[in-house]
Amino acid sequence: MEAFNPFDPVVNENPYPFYAWLREHDPAHYSDVLDAFVLSRHADVAAAFRDVESYSSAPRGGTPDGVRFLLGSDPPEHTALRKILNRRFTPGAIRVLEPEIEQIVAELTDELMAAREGGVADYVAHVAYPLPVIVIARLMGIPAERRADFKRWADAMVGGVGLDPAGAARAFVEMRAYFLEIVAERRVRPGEDLISRLVTGSEPLSPDELWGFCTLLLIGGTETTTNLIGNGLAALLADPALQRALREHPSLAEAYVEESLRYDAPVQAVWRITRREAEAAGTLIPADSRVLLLQGSANRDPGLHDEPDAFVLRRAAREHLGFGVGIHFCLGAPLARMEARIAVTTLLAVTEHLEQAGPARRICPVTEAEEAARREGRVRRRAQAARPRVRRNPVVRGLRSLPVALTPR
(Lines give C-alpha, C1' and ligand atoms only; values in the text may rest on other atoms or scores of the structure.)
Protein backbone atom coordinates (compact mmCIF):
# COMPACT_ATOMS: atom_id res chain seq x y z
CA MET A 1 0.00 0.00 0.00
CA GLU A 2 1.59 3.26 -1.13
CA ALA A 3 -0.37 5.58 1.13
CA PHE A 4 -3.37 4.88 3.32
CA ASN A 5 -6.16 7.29 2.41
CA PRO A 6 -9.34 7.02 4.51
CA PHE A 7 -11.01 9.58 2.23
CA ASP A 8 -10.88 7.15 -0.71
CA PRO A 9 -14.50 6.00 -1.26
CA VAL A 10 -13.39 2.36 -1.58
CA VAL A 11 -11.59 2.54 1.77
CA ASN A 12 -14.42 4.47 3.34
CA GLU A 13 -16.98 1.91 2.21
CA ASN A 14 -15.19 -0.98 3.93
CA PRO A 15 -11.93 -0.03 5.69
CA TYR A 16 -11.36 -3.33 7.47
CA PRO A 17 -9.28 -5.14 4.80
CA PHE A 18 -7.07 -2.05 4.57
CA TYR A 19 -6.69 -1.98 8.34
CA ALA A 20 -5.67 -5.64 8.29
CA TRP A 21 -2.95 -4.93 5.71
CA LEU A 22 -1.62 -2.03 7.82
CA ARG A 23 -1.53 -4.11 11.00
CA GLU A 24 0.37 -6.91 9.28
CA HIS A 25 2.74 -4.95 7.04
CA ASP A 26 3.09 -1.34 8.22
CA PRO A 27 1.64 -0.73 11.71
CA ALA A 28 3.19 2.76 11.99
CA HIS A 29 2.51 3.74 8.39
CA TYR A 30 3.38 7.20 7.11
CA SER A 31 0.75 8.44 4.65
CA ASP A 32 1.91 11.32 2.47
CA VAL A 33 -1.73 11.81 1.44
CA LEU A 34 -2.57 12.68 5.05
CA ASP A 35 0.91 13.96 6.00
CA ALA A 36 0.44 11.83 9.08
CA PHE A 37 1.55 8.63 10.75
CA VAL A 38 -1.20 5.99 11.01
CA LEU A 39 -1.20 3.58 13.96
CA SER A 40 -3.29 0.44 13.48
CA ARG A 41 -2.41 -2.19 16.13
CA HIS A 42 -4.29 -2.32 19.40
CA ALA A 43 -1.21 -2.07 21.62
CA ASP A 44 0.11 1.01 19.79
CA VAL A 45 -3.24 2.79 19.56
CA ALA A 46 -4.07 2.16 23.23
CA ALA A 47 -0.58 3.27 24.30
CA ALA A 48 -0.91 6.51 22.32
CA PHE A 49 -4.31 7.22 23.90
CA ARG A 50 -2.75 6.87 27.34
CA ASP A 51 0.53 8.71 26.63
CA VAL A 52 -0.73 12.28 26.86
CA GLU A 53 2.82 13.54 27.39
CA SER A 54 3.78 12.42 23.87
CA TYR A 55 0.46 12.56 21.99
CA SER A 56 -1.45 15.81 22.37
CA SER A 57 -5.16 16.31 21.74
CA ALA A 58 -4.77 20.07 21.46
CA PRO A 59 -4.66 21.62 17.98
CA ARG A 60 -1.46 23.14 16.67
CA GLY A 61 -1.15 26.67 18.00
CA GLY A 62 -3.69 26.02 20.78
CA THR A 63 -7.36 26.91 20.92
CA PRO A 64 -8.70 30.34 19.95
CA ASP A 65 -8.23 32.92 22.72
CA GLY A 66 -6.99 30.17 25.01
CA VAL A 67 -10.51 28.79 25.51
CA ARG A 68 -10.57 25.30 27.07
CA PHE A 69 -12.32 22.55 25.11
CA LEU A 70 -12.53 19.07 26.56
CA LEU A 71 -11.64 17.09 23.42
CA GLY A 72 -8.98 19.54 22.31
CA SER A 73 -7.12 19.90 25.58
CA ASP A 74 -4.39 18.22 27.60
CA PRO A 75 -3.72 18.15 31.34
CA PRO A 76 -3.97 20.23 33.44
CA GLU A 77 -6.76 22.02 31.50
CA HIS A 78 -8.39 18.72 30.54
CA THR A 79 -8.25 17.45 34.13
CA ALA A 80 -10.04 20.54 35.44
CA LEU A 81 -12.76 20.41 32.78
CA ARG A 82 -13.31 16.69 33.14
CA LYS A 83 -13.71 17.05 36.91
CA ILE A 84 -16.50 19.59 36.41
CA LEU A 85 -18.36 17.45 33.88
CA ASN A 86 -17.77 13.96 35.27
CA ARG A 87 -20.32 14.23 38.03
CA ARG A 88 -23.05 14.91 35.47
CA PHE A 89 -22.35 11.65 33.62
CA THR A 90 -21.72 9.03 36.27
CA PRO A 91 -23.45 5.66 35.72
CA GLY A 92 -25.72 6.50 38.67
CA ALA A 93 -26.73 9.84 37.17
CA ILE A 94 -27.47 8.17 33.84
CA ARG A 95 -29.52 5.33 35.40
CA VAL A 96 -32.05 7.90 36.59
CA LEU A 97 -32.83 8.59 32.93
CA GLU A 98 -33.65 4.98 32.06
CA PRO A 99 -37.48 5.14 32.46
CA GLU A 100 -37.66 8.26 30.30
CA ILE A 101 -35.43 6.75 27.62
CA GLU A 102 -37.52 3.57 27.64
CA GLN A 103 -40.61 5.68 27.00
CA ILE A 104 -38.93 7.60 24.15
CA VAL A 105 -37.75 4.35 22.53
CA ALA A 106 -41.21 2.78 22.88
CA GLU A 107 -42.82 5.75 21.12
CA LEU A 108 -40.26 5.78 18.31
CA THR A 109 -40.58 2.02 17.84
CA ASP A 110 -44.37 2.38 17.61
CA GLU A 111 -43.82 5.02 14.91
CA LEU A 112 -41.44 2.66 13.11
CA MET A 113 -44.03 -0.12 13.05
CA ALA A 114 -46.76 2.26 11.94
CA ALA A 115 -44.57 3.57 9.10
CA ARG A 116 -44.15 0.14 7.48
CA GLU A 117 -44.95 -0.06 3.79
CA GLY A 118 -45.13 -3.63 2.59
CA GLY A 119 -43.80 -4.62 5.99
CA VAL A 120 -40.67 -2.49 5.58
CA ALA A 121 -39.52 0.67 7.37
CA ASP A 122 -36.20 2.51 7.74
CA TYR A 123 -34.81 1.88 11.22
CA VAL A 124 -32.21 4.64 11.02
CA ALA A 125 -34.77 7.26 10.00
CA HIS A 126 -37.36 6.29 12.61
CA VAL A 127 -35.30 5.21 15.63
CA ALA A 128 -31.50 5.36 15.43
CA TYR A 129 -31.45 8.90 14.02
CA PRO A 130 -34.03 10.70 16.22
CA LEU A 131 -33.47 8.87 19.53
CA PRO A 132 -30.12 10.42 20.56
CA VAL A 133 -31.24 13.87 19.39
CA ILE A 134 -34.36 13.74 21.56
CA VAL A 135 -32.41 12.49 24.59
CA ILE A 136 -29.65 15.11 24.32
CA ALA A 137 -32.13 17.91 23.63
CA ARG A 138 -34.11 16.98 26.75
CA LEU A 139 -30.94 16.81 28.84
CA MET A 140 -29.97 20.29 27.68
CA GLY A 141 -33.45 21.76 27.97
CA ILE A 142 -33.70 22.51 24.24
CA PRO A 143 -37.21 23.04 22.79
CA ALA A 144 -38.51 20.17 20.66
CA GLU A 145 -38.86 22.43 17.61
CA ARG A 146 -35.06 22.91 17.48
CA ARG A 147 -34.25 19.18 17.31
CA ALA A 148 -34.00 19.27 13.52
CA ASP A 149 -31.43 22.06 13.79
CA PHE A 150 -29.54 20.00 16.36
CA LYS A 151 -29.17 17.06 14.00
CA ARG A 152 -28.43 19.24 10.98
CA TRP A 153 -25.60 20.95 12.86
CA ALA A 154 -24.17 17.65 14.09
CA ASP A 155 -24.29 16.10 10.62
CA ALA A 156 -22.64 19.14 9.04
CA MET A 157 -19.88 19.32 11.64
CA VAL A 158 -19.06 15.62 11.29
CA GLY A 159 -19.41 15.75 7.51
CA GLY A 160 -16.94 18.61 7.36
CA VAL A 161 -14.01 16.34 8.21
CA GLY A 162 -12.15 16.72 4.92
CA LEU A 163 -15.39 16.59 2.92
CA ASP A 164 -17.45 19.77 3.28
CA PRO A 165 -15.53 22.37 5.29
CA ALA A 166 -17.78 25.19 4.08
CA GLY A 167 -20.89 23.41 5.35
CA ALA A 168 -19.18 22.68 8.65
CA ALA A 169 -18.20 26.34 8.98
CA ARG A 170 -21.80 27.49 8.45
CA ALA A 171 -23.06 25.01 11.03
CA PHE A 172 -20.33 26.13 13.43
CA VAL A 173 -21.45 29.77 13.20
CA GLU A 174 -25.15 28.91 13.62
CA MET A 175 -24.53 26.52 16.47
CA ARG A 176 -22.24 28.90 18.34
CA ALA A 177 -24.73 31.76 18.10
CA TYR A 178 -27.57 29.56 19.34
CA PHE A 179 -25.70 28.07 22.27
CA LEU A 180 -24.27 31.39 23.41
CA GLU A 181 -27.82 32.73 23.42
CA ILE A 182 -29.00 29.73 25.47
CA VAL A 183 -26.13 30.11 27.95
CA ALA A 184 -26.94 33.80 28.46
CA GLU A 185 -30.62 32.98 28.96
CA ARG A 186 -29.91 30.24 31.53
CA ARG A 187 -27.69 32.59 33.53
CA VAL A 188 -30.73 34.81 34.02
CA ARG A 189 -33.41 32.10 34.22
CA PRO A 190 -31.81 28.77 35.18
CA GLY A 191 -33.86 25.60 35.12
CA GLU A 192 -33.22 21.94 35.95
CA ASP A 193 -31.44 21.12 32.70
CA LEU A 194 -27.77 20.31 32.25
CA ILE A 195 -26.77 23.71 30.83
CA SER A 196 -28.37 25.49 33.79
CA ARG A 197 -26.50 23.28 36.24
CA LEU A 198 -23.21 24.06 34.55
CA VAL A 199 -23.98 27.78 34.37
CA THR A 200 -24.85 27.99 38.07
CA GLY A 201 -22.17 25.55 39.29
CA SER A 202 -19.49 26.38 41.83
CA GLU A 203 -16.72 26.13 39.22
CA PRO A 204 -17.60 28.71 36.55
CA LEU A 205 -16.99 28.14 32.88
CA SER A 206 -16.74 30.98 30.37
CA PRO A 207 -19.51 31.32 27.75
CA ASP A 208 -17.16 29.92 25.09
CA GLU A 209 -16.24 26.98 27.29
CA LEU A 210 -19.89 26.25 27.92
CA TRP A 211 -20.56 26.50 24.22
CA GLY A 212 -17.69 24.09 23.57
CA PHE A 213 -19.19 21.59 25.98
CA CYS A 214 -22.63 21.93 24.35
CA THR A 215 -21.03 21.22 20.97
CA LEU A 216 -19.25 18.16 22.33
CA LEU A 217 -22.47 16.85 23.85
CA LEU A 218 -24.42 17.48 20.67
CA ILE A 219 -21.98 15.80 18.29
CA GLY A 220 -20.70 13.09 20.60
CA GLY A 221 -24.13 12.34 22.01
CA THR A 222 -26.04 12.15 18.73
CA GLU A 223 -23.91 11.18 15.74
CA THR A 224 -21.91 8.43 17.43
CA THR A 225 -24.92 6.96 19.25
CA THR A 226 -26.93 6.87 16.03
CA ASN A 227 -24.07 4.99 14.39
CA LEU A 228 -23.70 2.58 17.31
CA ILE A 229 -27.39 1.67 17.17
CA GLY A 230 -27.51 1.36 13.37
CA ASN A 231 -24.26 -0.57 12.98
CA GLY A 232 -25.25 -2.99 15.72
CA LEU A 233 -28.63 -3.68 14.14
CA ALA A 234 -27.03 -4.26 10.73
CA ALA A 235 -24.85 -6.96 12.31
CA LEU A 236 -27.91 -8.45 13.99
CA LEU A 237 -29.82 -8.60 10.70
CA ALA A 238 -26.90 -10.33 9.01
CA ASP A 239 -26.85 -13.22 11.50
CA PRO A 240 -30.12 -15.10 12.25
CA ALA A 241 -28.38 -17.10 15.00
CA LEU A 242 -27.41 -13.88 16.74
CA GLN A 243 -30.99 -12.65 16.52
CA ARG A 244 -32.31 -15.90 18.00
CA ALA A 245 -29.80 -15.77 20.85
CA LEU A 246 -30.84 -12.25 21.82
CA ARG A 247 -34.52 -13.11 21.65
CA GLU A 248 -34.01 -16.15 23.88
CA HIS A 249 -31.65 -14.35 26.28
CA PRO A 250 -32.46 -10.61 26.47
CA SER A 251 -29.90 -10.30 29.28
CA LEU A 252 -27.21 -10.59 26.57
CA ALA A 253 -28.14 -7.14 25.27
CA GLU A 254 -25.26 -5.52 27.14
CA ALA A 255 -22.79 -7.97 25.58
CA TYR A 256 -24.37 -7.22 22.18
CA VAL A 257 -23.72 -3.50 22.65
CA GLU A 258 -20.08 -4.09 23.61
CA GLU A 259 -19.48 -6.36 20.63
CA SER A 260 -21.17 -3.79 18.35
CA LEU A 261 -18.71 -1.18 19.61
CA ARG A 262 -15.80 -3.49 18.89
CA TYR A 263 -16.98 -5.01 15.62
CA ASP A 264 -17.98 -1.85 13.76
CA ALA A 265 -16.98 1.10 15.93
CA PRO A 266 -19.04 4.29 15.46
CA VAL A 267 -15.81 6.28 15.86
CA GLN A 268 -13.10 4.79 13.67
CA ALA A 269 -10.20 7.17 14.32
CA VAL A 270 -8.97 10.20 16.24
CA TRP A 271 -6.19 12.68 15.59
CA ARG A 272 -3.21 13.49 17.78
CA ILE A 273 -0.09 15.65 17.44
CA THR A 274 3.21 14.54 18.95
CA ARG A 275 4.55 16.90 21.59
CA ARG A 276 7.95 15.19 21.44
CA GLU A 277 9.57 12.37 19.55
CA ALA A 278 7.66 9.14 20.10
CA GLU A 279 8.10 5.52 19.12
CA ALA A 280 5.39 3.15 17.90
CA ALA A 281 5.82 -0.30 16.38
CA GLY A 282 9.56 0.29 16.11
CA THR A 283 9.13 3.54 14.18
CA LEU A 284 10.32 6.92 15.45
CA ILE A 285 7.68 9.61 15.02
CA PRO A 286 9.17 13.14 15.08
CA ALA A 287 7.86 15.85 17.37
CA ASP A 288 5.03 17.99 15.94
CA SER A 289 3.82 15.17 13.68
CA ARG A 290 0.18 14.45 12.96
CA VAL A 291 -0.88 10.95 14.03
CA LEU A 292 -4.10 9.11 13.20
CA LEU A 293 -5.10 6.51 15.79
CA LEU A 294 -7.24 3.83 14.11
CA GLN A 295 -9.63 2.62 16.80
CA GLY A 296 -11.59 0.63 14.24
CA SER A 297 -8.45 -1.27 13.29
CA ALA A 298 -7.30 -1.76 16.88
CA ASN A 299 -10.62 -3.43 17.68
CA ARG A 300 -10.05 -6.01 14.93
CA ASP A 301 -6.47 -6.83 15.98
CA PRO A 302 -6.03 -10.65 15.94
CA GLY A 303 -3.41 -10.22 18.64
CA LEU A 304 -6.21 -9.22 20.98
CA HIS A 305 -9.18 -11.33 19.87
CA ASP A 306 -9.75 -14.68 18.19
CA GLU A 307 -11.91 -14.40 15.06
CA PRO A 308 -11.66 -10.60 15.11
CA ASP A 309 -13.73 -10.20 11.92
CA ALA A 310 -16.67 -12.15 13.35
CA PHE A 311 -19.44 -10.79 15.57
CA VAL A 312 -19.23 -13.01 18.67
CA LEU A 313 -22.02 -12.23 21.12
CA ARG A 314 -20.48 -13.77 24.21
CA ARG A 315 -17.04 -12.33 23.56
CA ALA A 316 -15.38 -10.54 26.50
CA ALA A 317 -15.03 -7.35 24.47
CA ARG A 318 -14.44 -4.71 27.14
CA GLU A 319 -10.87 -4.17 25.90
CA HIS A 320 -12.16 -2.56 22.73
CA LEU A 321 -11.41 1.10 22.01
CA GLY A 322 -14.88 2.02 20.79
CA PHE A 323 -15.03 4.75 23.44
CA GLY A 324 -11.30 5.37 23.59
CA VAL A 325 -9.25 4.75 26.72
CA GLY A 326 -7.43 6.78 29.35
CA ILE A 327 -8.27 10.36 30.25
CA HIS A 328 -10.18 10.87 26.99
CA PHE A 329 -12.51 7.89 27.50
CA CYS A 330 -15.90 8.99 26.19
CA LEU A 331 -17.79 11.03 28.77
CA GLY A 332 -21.16 9.90 27.43
CA ALA A 333 -20.37 6.17 27.24
CA PRO A 334 -22.92 5.13 29.91
CA LEU A 335 -25.67 7.06 28.11
CA ALA A 336 -24.82 5.67 24.66
CA ARG A 337 -24.70 2.12 26.01
CA MET A 338 -28.09 2.55 27.67
CA GLU A 339 -29.74 3.96 24.55
CA ALA A 340 -28.36 1.16 22.36
CA ARG A 341 -29.39 -1.55 24.83
CA ILE A 342 -32.94 -0.23 25.22
CA ALA A 343 -33.31 0.27 21.46
CA VAL A 344 -32.49 -3.34 20.57
CA THR A 345 -34.43 -4.97 23.41
CA THR A 346 -37.53 -2.91 22.61
CA LEU A 347 -37.37 -3.78 18.92
CA LEU A 348 -37.00 -7.50 19.62
CA ALA A 349 -39.85 -7.39 22.14
CA VAL A 350 -42.38 -6.09 19.60
CA THR A 351 -41.31 -8.23 16.62
CA GLU A 352 -41.22 -11.92 15.80
CA HIS A 353 -38.73 -11.61 12.98
CA LEU A 354 -36.38 -9.01 11.51
CA GLU A 355 -34.76 -9.10 8.11
CA GLN A 356 -32.78 -6.64 6.06
CA ALA A 357 -34.96 -5.41 3.22
CA GLY A 358 -33.62 -5.46 -0.32
CA PRO A 359 -30.27 -6.91 -1.35
CA ALA A 360 -28.06 -8.19 1.46
CA ARG A 361 -25.79 -5.31 2.45
CA ARG A 362 -23.22 -6.61 4.87
CA ILE A 363 -21.04 -4.05 6.53
CA CYS A 364 -18.00 -5.92 7.69
CA PRO A 365 -17.57 -9.62 6.88
CA VAL A 366 -14.34 -10.27 4.97
CA THR A 367 -14.83 -12.46 1.90
CA GLU A 368 -12.20 -14.81 0.46
CA ALA A 369 -11.57 -12.28 -2.32
CA GLU A 370 -11.05 -9.51 0.21
CA GLU A 371 -8.76 -11.74 2.22
CA ALA A 372 -6.64 -12.30 -0.89
CA ALA A 373 -6.69 -8.58 -1.57
CA ARG A 374 -5.63 -7.93 1.99
CA ARG A 375 -2.61 -10.16 1.58
CA GLU A 376 -1.67 -8.37 -1.63
CA GLY A 377 -2.31 -4.89 -0.22
CA ARG A 378 -5.22 -4.15 -2.49
CA VAL A 379 -9.01 -4.52 -2.45
CA ARG A 380 -11.40 -5.18 -5.29
CA ARG A 381 -14.71 -3.37 -5.26
CA ARG A 382 -17.59 -5.69 -4.48
CA ALA A 383 -20.96 -5.22 -6.15
CA GLN A 384 -22.58 -2.07 -4.80
CA ALA A 385 -25.75 -3.98 -3.94
CA ALA A 386 -23.81 -5.98 -1.36
CA ARG A 387 -22.68 -2.86 0.48
CA PRO A 388 -24.40 -0.74 3.10
CA ARG A 389 -25.11 2.91 2.50
CA VAL A 390 -22.42 4.17 4.82
CA ARG A 391 -21.80 7.78 5.69
CA ARG A 392 -18.84 9.07 3.71
CA ASN A 393 -16.57 10.00 6.57
CA PRO A 394 -13.16 8.63 7.60
CA VAL A 395 -13.60 9.33 11.30
CA VAL A 396 -17.14 8.20 12.13
CA ARG A 397 -18.84 5.16 10.58
CA GLY A 398 -22.55 4.64 10.28
CA LEU A 399 -25.49 3.98 8.00
CA ARG A 400 -27.48 6.61 6.16
CA SER A 401 -30.45 4.26 6.06
CA LEU A 402 -31.33 0.71 7.10
CA PRO A 403 -34.59 -0.63 5.61
CA VAL A 404 -35.86 -3.51 7.72
CA ALA A 405 -38.64 -6.02 7.09
CA LEU A 406 -40.45 -6.23 10.43
CA THR A 407 -42.88 -8.98 11.44
CA PRO A 408 -44.85 -7.83 14.50
CA ARG A 409 -45.74 -10.12 17.38
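On a predicted model such as this, the values are computed, not experimentally measured, just so you know. (Residues numbered from 1 in each chain as written. Predicted model: local features only at pLDDT ≥ 70, side-chain atom pairs only at ≥ 80, totals over all residues. Heavy atoms only, no water.)

Quick look at the sheet that holds strand E9 (residues 351-356)
For step 1, the next point in the chain: Within the open sheet, the three strands sit side by side as E4-E10-E9. Their pairing is antiparallel. The open sheet has two free edges, formed respectively by strand E4 (120-122) and E9, since each of these has just one partner strand. Within this sheet the neighbouring strands show an average axis-to-axis angle of 35 degrees, counted without direction.
For step 2, the next point in the chain: Note that E4 and strand E10 (residues 403-408) share three bridges and pair antiparallel. What sits directly across from Val120, in E10, is Ala405.
For step 3, the next point in the chain: Sitting on the sheet, helix H6 (residues 98-114) is in contact with E4, E9 and E10, with an inclination near 95 degrees to E10. (Pairing = 2+ DSSP bridges. Helix = DSSP H or I, 4+ residues; strand = E, 2+ residues; numbered from the N terminus. Axes fitted to C-alpha atoms, helices over the stretch in contact; angles between N-to-C directions. Contact = heavy atoms within 4.5 Å.)

Points about the sheet that holds strand E2 (residues 36-39)
For step 1, the next point in the chain: With respect to topology, five strands assemble into an open sheet ordered E1-E2-E8-E5-E3, the strand pairing being mixed. Pairing within the sheet leaves two strands with one partner each, and these edge strands are strand E1 (28-31) and strand E3 (55-56).
For step 2, the next point in the chain: Here E1 runs beside E2; their pairing, made up of four bridges, is antiparallel. Paired with Ser31 across the strands is Ala36, a residue of E2.
For step 3, the next point in the chain: Sheet strands touched by helix H3 (residues 42-50): E2, E3, strand E5 (269-274) and strand E8 (290-294). Its angle to E8, the strand with the most contacts, is close to 120 degrees.

Some words on the packing of helix H10 (residues 165-188) against helix H12 (residues 207-237)
For step 1, the next point in the chain: With their axes 9 Å apart at the nearest point, H10 and H12 run at an angle of 120 degrees to one another. On the basis of the axis angle, H10 is oblique to H12. You can see that H10 and H12 cross each other, and the crossing is right-handed. Contacts between H10 and H12 pair Phe172, Met175, Arg176, Phe179, Leu180, Val183 and Arg187 from the former with Pro207, Asp208, Leu210, Trp211, Cys214, Thr215 and Leu218 from the latter.
For step 2, the next point in the chain: For the contact of H10 with H12, a count of residues per class yields ten nonpolar, one polar and three charged. (Parallel < 35°, antiparallel > 145°, perpendicular 65-115°, else oblique. Left-handed = near helix turned anticlockwise from the far one by under 90°. Nonpolar A, V, L, I, M, F, W, Y, C, P; charged D, E, K, R; others polar.)

Topic: helix H8 (residues 130-140)
For step 1, the next point in the chain: Summarising burial for H8: ten of the eleven residues are buried, a large majority.
For step 2, the next point in the chain: Every buried residue belonging to H8 is among Pro130, Leu131, Pro132, Val133, Ile134, Val135, Ile136, Ala137, Leu139 and Met140, and all of these are buried. (Buried < 20%, exposed > 50% of the residue type's maximum accessible area, 1.4 Å probe, protein only.)

Some points on the pairing of E10
For step 1, the next point in the chain: Summarising the sheet, E9 and E10 pair through five bridges and their orientation is antiparallel. Note that in E10 the partner of His353 across the bridge is Thr407.

Focus on the packing of H8 against H12
For step 1, the next point in the chain: Closest axis-to-axis distance for the H8/H12 pair is 8 Å, and the angle between their directions is 155 degrees. Taken together, the axes of H8 and H12 lie roughly antiparallel to each other. Note on packing geometry: the crossing formed by H8 with H12 is right-handed. Facing Leu131, Pro132, Val133, Ile136 and Met140 of H8, the residues of H12 in contact are Cys214, Leu217, Leu218, Gly221, Thr222, Thr225, Thr226 and Ile229.

Topic: the environment of Ala166
For step 1, the next point in the chain: In this structure, Ala166 sits in helix H10.
For step 2, the next point in the chain: On the basis of relative accessible area, Ala166 is assigned to the partly exposed category, the value being 43%.
For step 3, the next point in the chain: In the structure, Ala166 is positioned ten residues away from Ala156 in sequence and 9.2 Å away in space, judged by C-alpha atoms.

With respect to the nonpolar core
For step 1, the next point in the chain: If you look at the biggest cluster of nonpolar residues, it comprises 82 residues, and the most contacted ones within it are Tyr123, Met140, Phe150, Phe179, Leu233 and Tyr256.
For step 2, the next point in the chain: It is H12 that provides the largest number of residues to this core, a total of 13 residues.
For step 3, the next point in the chain: Excluding anything up to four places from it in sequence, Phe150 contacts Val133, Ile136, Ala137, Met140, Ile142, Tyr178, Phe179 and Leu218.
For step 4, the next point in the chain: Grouped together as the second largest cluster of nonpolar side chains are 20 residues, Leu39, Ala46, Ala298 and Leu321 included. (Core = buried A, V, L, I, M, F, W, Y, C linked by side-chain atoms within 4.5 Å.)

A few points about unusual backbone geometry
For step 1, the next point in the chain: Between Pro75 and Pro76 the backbone carries a cis peptide bond, its omega angle lying at 5 degrees.
For step 2, the next point in the chain: Considering the arrangement of structural elements, one finds Pro76 in the loop between E3 and helix H4 (77-86).
For step 3, the next point in the chain: Unusually for a residue other than glycine, Ala281 sits at a positive phi of about 50 degrees.
For step 4, the next point in the chain: Within the fold, Ala281 resides in the loop between strand E6 (278-280) and strand E7 (283-285).
For step 5, the next point in the chain: We note that Glu307 has phi near 45 degrees; this positive angle belongs to a residue other than glycine.
For step 6, the next point in the chain: Looking at the secondary structure, you find Glu307 in the loop between helix H15 (295-298) and helix H16 (333-350).

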